[in-house]
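Read off the chains here:
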Amino acid sequence: MSMYKEPQFWMRVALAALAFGLFISVHAIYWPVIISLILTFILIPIRDIVLKGFLRLTHHQLPSGLAIIISFFLFIVIMTIITNIILRPLIVQVNLLAANFNTLVGQTAALVNQLENEQTQFYIPEQVKIIINDTFTKIGNYGIEGVTDLVRSVFVIAGTVVEFFVVPFITFYFMKDGSRMVQSFVNLYPPSFRGQLQQVFGEIEHVLSRYIRGQILMSCIIAGLTFMGMWIMGVPYPMVIGLLAAITEWIPIVGPIVGAIPAILLGATVDLSLSMKVLIFYIVIQQIDSHLIMPQVMGAVISLHPVVIVIALLVGGTLFGVAGMILTVPVTAVLQILGKHLWYYKTYKEKAMNDYGNK
């Protein structure tokens, strides 16, 4: 019997599939792991800088565990500085927005009526008006809670005290023993399959690390540009709009459109001409993002057709809501890598038979 037909081999495959199914089905498992994975890709460059700097200064190798702890400390210091500079004024603007939310909704609804009454070219059908009015009523009723929930979802990393301590713990061991974990999993399979499995994990690590780091950098750039643009043009709550732009930047294709709508409406509450300026600003920013920032930051790390992304967005949004839409691109990219290697599975299967023959 050839190596790939051994019962132990298929038992290993079944155990791996069972572990993956358990990971997907239990929510308390995969969110801490996903957050830890993101933190790992953020902290690895900091750890590498610490290791290289210590080696250059002392000509001695710093223990990996100590380098990881130092990278955690530096990350906390950086986040504390960012919090003191950005978070406090942001919370002030969020509180002001929450306090004035119903007023802004009323102004926007009045603007719709004004457009219809004063300009015949802006005629709005009666059924559309009913839908708009119902929407504004719902927004007015739940607006404050919605703003509060948005801020809470952005700034609260873990929902429970247990998860709060679990995430740094998992992140530490991902950074310390991540390669060893992957190699232990690969070693479960016959030697002829290990080369392909190592290649699969290497491609997945490359894609996820480039995507997460690139997306964080792009979100920061877009948030900064959006804040500056809104502040210069005099749009209310520029920091809140910048934060929303950073969040929606993670949602491909439709995210920038969703992020632009509140800014345009807020501009319209000041002046209609300002809303047009905001619209033009977002169009320009989107072009800069698509043709200048993204190619420089992301490169060609993920090559997915827009139609595939849209379909994946619908699936992710239906199954997991906004979080599913944010995770659409990296998950689809990983599935693309797995599909590519499974497509050529027969080649590796024949190689296994030639290398080991029949027992």
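Scroll up to find the structure this text is about.
These numbers come from a predicted model, not from an experiment.

Draft legend 1. Representation of the packing of helix α9 (residues 255-270) against helix α10 (residues 272-297). Interhelical geometry of α9 versus α10 gives an angle of 155° and a closest axis separation of 6 Å. Relative to α10, the element α9 lies roughly antiparallel. For the pair α9 and α10, the sense of crossing is right-handed. Contact residues: α9 offers P256, G259, A260, A263, I264, G267, A268 and V270, while α10 offers L272, L274, S275, V278, L279, Y282 and Q286. Each residue belonging to the contact of α9 with α10 can be placed in one class, and the counts come to eleven nonpolar, four polar and no charged.

Draft legend 2. Representation of the environment of L51 within the structure. Mapped onto the fold, L51 is located in helix α2 (residues 27-58). Distance in space between the C-alpha atoms of L51 and S71 is 9.7 Å, their sequence separation being 20 residues. Excluding residues within four positions of it along the chain, L51 makes contact with Q61, L62 and A67.

Draft legend 3. Seen up close, unusual backbone geometry. The backbone of H59 shows a phi angle near 60°, a positive value even though the residue is not glycine. Mapped onto the elements of the fold, H59 is located in the loop between α2 and α3 (64-99). Positive phi outside glycine occurs at Y237, with the angle close to 55°. Locating Y237 in the fold gives a position in the loop between α7 (191-233) and α8 (238-248). Given a relative accessible area of 13%, Y237 falls into the buried group.

Calculation rules
- Residues numbered from 1 in each chain as written.
- Predicted model: local features only at pLDDT ≥ 70, side-chain atom pairs only at ≥ 80, totals over all residues.
- Heavy atoms only, no water.
- Axes fitted to C-alpha atoms, helices over the stretch in contact; angles between N-to-C directions.
- Helix = DSSP H or I, 4+ residues; strand = E, 2+ residues; numbered from the N terminus.
- Parallel < 35°, antiparallel > 145°, perpendicular 65-115°, else oblique.
- Left-handed = near helix turned anticlockwise from the far one by under 90°.
- Contact = heavy atoms within 4.5 Å.
- Nonpolar A, V, L, I, M, F, W, Y, C, P; charged D, E, K, R; others polar.
- Buried < 20%, exposed > 50% of the residue type's maximum accessible area, 1.4 Å probe, protein only.

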